[in-house]
Amino acid sequence: MIAQRLAILGATGSIGVSTLDVVARHPDRFEVVALTGHRRLDVLAEQCRRFKPRYAVVGSTEDAARLTATLADIGTTVLAGPEALCRVASLPEVDAVMAAIVGAAGLPPTLAAAKAGKRILLANKEALVMAGSVFMNAVKAAGATLLPIDSEHNAVFQSLPADFSGDFARHGVRRILLTASGGPFRSTPTAELANVTPEQACAHPNWVMGRKISVDSATMMNKGLEVIEARWLFDAMADQIDVVIHPQSVIHSLVQYVDGSVLAQLGNPDMRTPIAHALAYPERIDAGVAPLDLFAVGQLNFERPDFERFPCLALAYRALRAGGNAPAVLNAANEIAVEAFLDGRLPFLEIPTLIAATLDAIPVAAADDLEAVLAADVAAREAARALLP
Ligand code: NAD
Ligand code: MG
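To start, this report covers the structure provided alongside it. Each residue is numbered by its place in its chain's sequence as written, counting from 1. Labels follow written order: the first chain is A, the first ligand is 1, and so on. Given that the model is predicted, a residue must reach a pLDDT of at least 70 before its local features are reported, and side-chain atom pairs must reach 80 or more before they are shown or counted; all residues, however, enter totals for whole chains, interfaces and linings. Side-chain numbers come from the whole structure's heavy atoms, not from hydrogens or water.

### Some details on the nonpolar core
Take the buried Ala, Val, Leu, Ile, Met, Phe, Trp, Tyr and Cys residues and link them wherever side-chain atoms come within 4.5 Å; each set so joined is a nonpolar core. Burial classification: accessible surface area is computed with a 1.4 Å probe over protein chains only, and a residue below 20% of its type maximum counts as buried, one above 50% as exposed, and the rest as partly exposed. Counting 99 residues, the largest nonpolar core has I120, F135, L330, I351 and I355 as its most contacted members. No other element matches helix α16 (residues 326-342), which puts eleven residues into this core. We call two residues contacting when some pair of their heavy atoms lies within 4.5 Å. Setting aside chain neighbours within four positions, we find I120 in contact with V97, A99, T110, A113, A114, F135, A144, T145, L146 and L147. If you look at the next biggest cluster of nonpolar residues, it comprises 38 residues, including I8, L67, L147 and W207. Helix and strand definitions follow DSSP, with helices as H or I runs of at least four residues and strands as E runs of at least two, each counted in order from the N terminus.

Here's what the structure looks like:
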């Protein structure tokens, strides 16, 4: 078997660690060519010892010097900075790129992988939210392959016909139903939300994830970003994507067809399933995930999302419908708000207020190239910072 050669961007994060867990189960199938990490250099060093990549990428030249010294006996070349991320994402000796950096920092290397025609395993939803049309055009132009890692989108991908072209009518697709757990505050009285702490917000009932996406799940901005992600991945209109609250997180999402059929993908809430699916696609490999025990699950429940309780969800639909630079503005304002909340500088309930005010402050304009997207990102960050208390 010819091994698939991988670059794993964001190897030290929650998705990165799960990816290496799956990879380690199949040493004959995968070869790790590059690993990247921004902090937690001890974790990156340990990963390099285990997987012996040709390249590692860190944030600064000081960190690169330190890691080079630590790894002297392995021969890993350590590079630093955003340019190096783009370089390893487009190396000729890399077949597939796991895009698992969190936030806007993941856009340039993920786009570089698209332009190099790689097979992209996309976890970094912010890249697609910010630069949907630019990114999808680059994928098409270079003949890259895009496989969704986000559990909902991976479930939709699995529930769509294998030859799905984006034409809903031709394939008889009526709607996409994205499930959402509702996060840790699904039934917390609104009055109590005013004082929630970062620790409470990061304690997700079903999934263990990085801190940024955990806060996004608590505000439900995560689901909002996923609606925009689905718009681009599946060429869907805003009106063709619904959100269904499903507290057990067992049904990962569904596709409704015109004949009344609804197809879904189910499983335990463990990201190693979508990661293994995308790594091996179109084959199936062991992910280390326990089989789903429906008798233990017992019940599957569904609720309508409460747009008043979770204004971030409505803000995401607003940005999607506005189009152009609005999703990039939404994403940037959200990153600033979440960071401020995690630092104890912004109350939880002010997160949507700050994002709405930023959307109000930046006029909607076209965002058909990377420059326009990045300009919107910078302007929105500035506006959001100025609005912080
Ligand atoms: P995380 O915070 O655990 O890890 C983030 C990774 O990105 C780390 O390796 C970190 O070193 C790196 N990183 C952070 N800032 C960087 C920068 N400026 N430059 C370069 N690298 C940087 O996050 P995560 O939970 O693994 O999420 C990663 C991405 O996957 C996010 O976009 C998230 O929305 C998406 N995602 C995560 C999950 C999950 O279960 N964790 C599920 C679906 C989607
Ligand atoms: Mg998700």
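### Describing the side chain of H277
Along the chain, H277 turns up in helix α13 (residues 272-280). By relative accessible area, which is 7% here, H277 ends up buried.

### Structural notes on the pattern of salt bridges
Side chains that differ in charge, positive against negative, can pair when their charged atoms come close. Any Lys or Arg side-chain nitrogen located within 4 Å of an Asp or Glu carboxyl oxygen qualifies as a salt bridge. Under the defined criterion, the tally for this structure stands at 24 salt bridges. Across the pair E31 and R54 runs a salt bridge whose closest N-O atoms are separated by 3.7 Å. Of the two residues, E31 sits in strand β2 (residues 30-36) while R54 sits in the loop between α2 (41-51) and β3 (55-58), which places them 23 residues apart along the sequence. Take E31: its relative accessible area is 33%, and that puts it in the partly exposed class.

### Some thoughts on the site of ligand 1
Only heavy atoms are used to decide nearness, and a residue is near a molecule or strand if one of them lies within 4 Å of it. In the vicinity of ligand 1, 23 residues are found, and the nearest of them are T12, S14, H38, E126 and G210. Between ligand 1 and G10 there is a distance of 3.3 Å, counted from an oxygen atom to a backbone nitrogen or oxygen. We define a polar contact as two N or O atoms separated by no more than 3.5 Å, with the added condition that, inside protein, one atom must be a possible hydrogen donor and the other a possible acceptor, whereas residues neighbouring each other in sequence contribute only through side-chain atom pairs. Between A123 and ligand 1, the recorded distance is 3.4 Å, taken from a backbone N or O atom to an oxygen atom. What sets the accessible areas is the Shrake-Rupley method with a 1.4 Å probe; for residues, cover comes only from the shown protein chains. In isolation ligand 1 has 830 Å² of accessible area, and contact with the protein removes 86% of it. Going through the elements one at a time, α1 (14-24) and α6 (125-142) are the ones with two or more residues in the shell around ligand 1. Here the nonpolar group is Ala, Val, Leu, Ile, Met, Phe, Trp, Tyr, Cys and Pro; Asp, Glu, Lys and Arg are the charged ones; every other residue, Gly included, is treated as polar. When the residues that make up the shell around ligand 1 are grouped by side-chain class, the tally is eleven nonpolar, eight polar and four charged.

### Describing the sheet that holds strand β8 (residues 173-180)
One bridge is not enough; two strands pair if DSSP finds at least two bridges between them. Pairing within the open sheet is mixed, and its four strands lie in the order β9-β8-β10-β11. In the strand order of this sheet, the two ends are held by β9 (241-245) and β11 (262-266), each with one partner. Taking the axes of each pair of neighbouring strands and ignoring which way they run, one obtains an average angle of 20° across the sheet. Examined bridge by bridge, β8 and strand β10 (residues 251-257) share four bridges and lie antiparallel to one another. Across the sheet, the residue bridging to L177 is L254, located in β10. Together, β8, β10 and β11 form the strand contacts of helix α7 (residues 151-159), whose direction differs from that of β10 by roughly 40°. Angles shown run from 0 to 180 degrees and are taken between the N-to-C directions of axes, each axis being a line fitted to C-alpha atoms and, for helices, limited to the stretch in contact.

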